[in-house]
Amino acid sequence: MDGNFLVFVNFSIVAKDVSTTLEQLGVGIPMVAGTEEEALALMADLTEGASLRLAVVQLSPEAFMHSALRPQLEQRGAHVILMHDSVHVSETPPPYPVLAVPFFTEDLEQMVAGFATRL
């Protein structure tokens, strides 16, 4: 496995399921956080030049756009999947894919497959 991935989900059982799924897909080494502060601290602990391939973040698209986490993930070049319980259909789609909660493992796998050539 090459690189790391971040799972920021506030329900530990869901975080574990997402993390296990991503590990099985060969995405990398998991970094699991239950709060935005924990996620930022984990990212700060990464060594210089360490790869952060993917982040699954439990925030609405609006909250993520104003989050301190967004610029950190963008700076590291991480692909982002947002996880949220309500996906609003609008004329302009959000800049990041949104995994609607509740979801099946297959839904997450399908989203990751969309990044497969770039991970």
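You'll find the structure just up there.
Residues numbered from 1 in each chain as written. Predicted model: local features only at pLDDT ≥ 70, side-chain atom pairs only at ≥ 80, totals over all residues. Heavy atoms only, no water.

Caption draft 1: Broad picture of the packing of helix H1 (residues 12-24) against helix H5 (residues 105-115). It is the contact of H1 with H5, at a shortest axis distance of 11 Å, that shows an interaxial angle of 45°. Comparing their axes, H5 and H1 come out oblique. You can see that H1 and H5 cross each other, and the crossing is right-handed. Across the interface between the two elements, Asp 17, Val 18, Thr 21 and Leu 22 from H1 touch Thr 105, Leu 108, Glu 109 and Val 112 from H5. Among the residues making up the contact of H1 with H5, the classes are represented as 4 nonpolar, 2 polar and 2 charged. (Axes fitted to C-alpha atoms, helices over the stretch in contact; angles between N-to-C directions. Helix = DSSP H or I, 4+ residues; strand = E, 2+ residues; numbered from the N terminus. Parallel < 35°, antiparallel > 145°, perpendicular 65-115°, else oblique. Left-handed = near helix turned anticlockwise from the far one by under 90°. Contact = heavy atoms within 4.5 Å. Nonpolar A, V, L, I, M, F, W, Y, C, P; charged D, E, K, R; others polar.)

Caption draft 2: Representation of the packing of helix H2 (residues 36-44) against helix H4 (residues 69-76) within the structure. Contact pair H2 / H4: the axes reach a minimum separation of 10 Å and the direction vectors enclose 30°. With respect to H4, the axis of H2 lies roughly parallel. Between H2 and H4 lies a crossing whose hand is left-handed. Across the interface between the two elements, Glu 36, Ala 39, Leu 40 and Met 43 of H2 pack against Leu 69, Gln 72, Leu 73 and Arg 76 of H4. Tallied by class, the residues present in the contact of H2 with H4 amount to 5 nonpolar, 1 polar and 2 charged.

Caption draft 3: Seen up close, the pairing of strand E2 (residues 29-33). As paired elements, strand E1 (residues 4-8) and E2 share 5 bridges and run parallel to each other. Along E2, the bridge assignment pairs Phe 5 with Pro 30. Running through H1, the crossover from E1 to the neighbouring parallel element E2 is right-handed. (Pairing = 2+ DSSP bridges. Right-handed = clockwise from strand over helix to strand, strands pointing away.)

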